[in-house]
Amino acid sequence: HLVEYPCAVCGSFDHAFLSLPDEVLITAMKEHQKYFAVYDHDGKLMPHFVAVNNTVPREASVVQRGHERVLRARLTDADFFYKEDRKRPLLDRLEDLKRVIYQTELGTSHDKVARFTRLSEYLASTLLPEKVDEVRQIARLCKCDLVTLMVSEFPSLQGVMGKAYAEAEGYPEEIASGIYEHYLPTRAGGSLPGSGTAAVVSIADRMDTIAGCFAVGLEPTGSADPFALRRHALAIIRIIEGMKWSLSLTQFIDKALDLLSEGISFDKESIRLKVITFMRERYKNMMLSSGYGSDLTEAVISAGFDDIRPLRAKLDQLKAFSEASDQFHGLALTVKRVKNILKNQKRLFRVDPNLFREPSELALWKTFQTLRQDIRHALEREAFSEALSLMVQFKAPVDTFFDQVEVLTQESRPLQENRVGMLQQISRLMDRMADFSQFSI
């Protein structure tokens, strides 16, 4: 759509330029000249291009030579940049990042690399303890290409050139690919990092960005998100899900803020709450966009958002159970009845079975004792449908209990607290599955 009457002309360039990485050639043709690259049947780049003119040329050969002359100059520059960059090892450029301001209050790019390198090591020690050294290498190298001549000329090649230079220097494939893959995903729904080491560095880099921006008041607004924090948050969530990592999000955020606090001052508890809320809202929006209902999503994440990994399975199984079982409606109502009694109770009370007076009290307590361990084991195994099937067995004894017993009796304070304590234990067990009060029933 850049021309009104497109007319294609095929041109060529010196075969020697094919020694440059393919991405360099493609970027020079596409971004600078709007040319199309040409591949052979085996998928290899050929020394040809297709340029699109805005009219039918009188002399196609003249126009072709003009395009070739312009591209030759571009590729000659790229060849010079590549050869000059290769004269210095990639890791030597880490010091050069001290002269690059990342953000005025958050320091230089070198400061940022130092922070997320330590954050990466922290994550790797838990998630990939046998890969801590590789993660450290990727973190230290992954931003070094930002100060190369090639990336200065072609900013879109960040990560790509880091990988190319690392491969040329003989780094293992895992390290070289990690330099590029730590930028993934680059867009919503884009590919995730292919290795765990790259994924660790990716989420560490992104969480450092989120924590830092919130700490200095650069959180996104309804109309602006200059540091793409929403995209970073969704990337973290998708990577954790994709890698099936069991990771405490709260501890992850706390570690990022601890490292940040060594360089700047801020209200850690306030920022921690803001970041957790921000991540929670991103997850909720992501699930809504994936077709899950608002009440279902809110019910699940209200029950616990610290470990993201099992949440989608819980959503799927709870959704299937609610749609397939006629018992779900009764279960949700039962839990709501329990919560309504407890909503003004601030203290937790212990249960003494010796204080039971009515048969329905003892029957409910026995049901709880019988089901408690099975429900907990089902939740731990992420057999959420099984847990729900067990939970529905509470309906009859709870209903009978409410019909026959005055929970908030004024007759005896210990008796009241004992009954409340039993309902509190049942409610806490149910809450491990979901906050059923979020359902509109």
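## Description of the overall build of the protein
- Summing up its helical and strand segments, the protein has 18 helices and 5 strands in all.
- If you line up the protein on its principal axes, its C-alpha atoms span 100 × 50 × 40 Å.
- Within the protein, the fraction of its 441 residues that count as buried is 49%.
- Residue pairs at least 24 apart in sequence account for 69% of intrachain contacts in the protein once pairs closer than 6 positions are excluded.
- With an accessible surface of roughly 21500 Å², the protein has 49% of that area assigned to carbon and sulfur atoms.
- Across the protein, the 57 positively charged side chains and the 61 negatively charged ones have centroids separated by 3 Å.

## A closer look at helix H17 (residues 395–404)
- All of the buried residues along H17 are Pro-397, Val-398, Asp-399, Phe-401 and Phe-402.
- Contacts from the buried residues of H17 go to helix H14 (328–342), helix H15 (359–380) and helix H18 (413–431).

## Structural notes on the packing of aromatic side chains
- All told, the structure shown has 13 aromatic pairs when counted by the stated rule.
- Here the aromatic rings of Tyr-102 and Phe-227 are separated by 6.5 Å at their centres, their planes lie at 65°, and the arrangement is edge-to-face. Here the residue Tyr-102 occupies a position in strand S4 (residues 101–103), and Phe-227 occupies one in the loop between helix H8 (196–215) and helix H9 (229–243), the gap between them amounting to 125 residues.
- Exposure remark for Phe-227: the relative accessible area of 25% places this residue in the partly exposed category.
- Pairing Phe-328 with Phe-436 gives two aromatic rings, centres 6.3 Å apart and planes at 50°, and the pair type is tilted. Here the residue Phe-328 occupies a position in helix H14, and Phe-436 occupies one in the segment after H18, the gap between them amounting to 108 residues.
- When its relative accessible area of 0% is taken as the criterion, Phe-436 is described as buried.
- Through a chain of ring-to-ring contacts, three or more aromatic side chains come together here, namely Phe-321, Phe-328, Phe-436 and Phe-439.

Rules of the game
Residues numbered from 1 in each chain as written. Predicted model: local features only at pLDDT ≥ 70, side-chain atom pairs only at ≥ 80, totals over all residues. Heavy atoms only, no water. Helix = DSSP H or I, 4+ residues; strand = E, 2+ residues; numbered from the N terminus. Buried < 20%, exposed > 50% of the residue type's maximum accessible area, 1.4 Å probe, protein only. Contact = heavy atoms within 4.5 Å. Areas by Shrake-Rupley, 256 points an atom, 1.4 Å probe, with all protein chains shown as cover. Lys, Arg positive; Asp, Glu negative; His and termini not counted. Charge placed at Lys NZ, Arg CZ, Asp CG, Glu CD. Phe/Tyr/Trp six-rings, centres within 6.5 Å; stacked < 30°, edge-to-face > 60°.

That is the geometry; function is a separate question.
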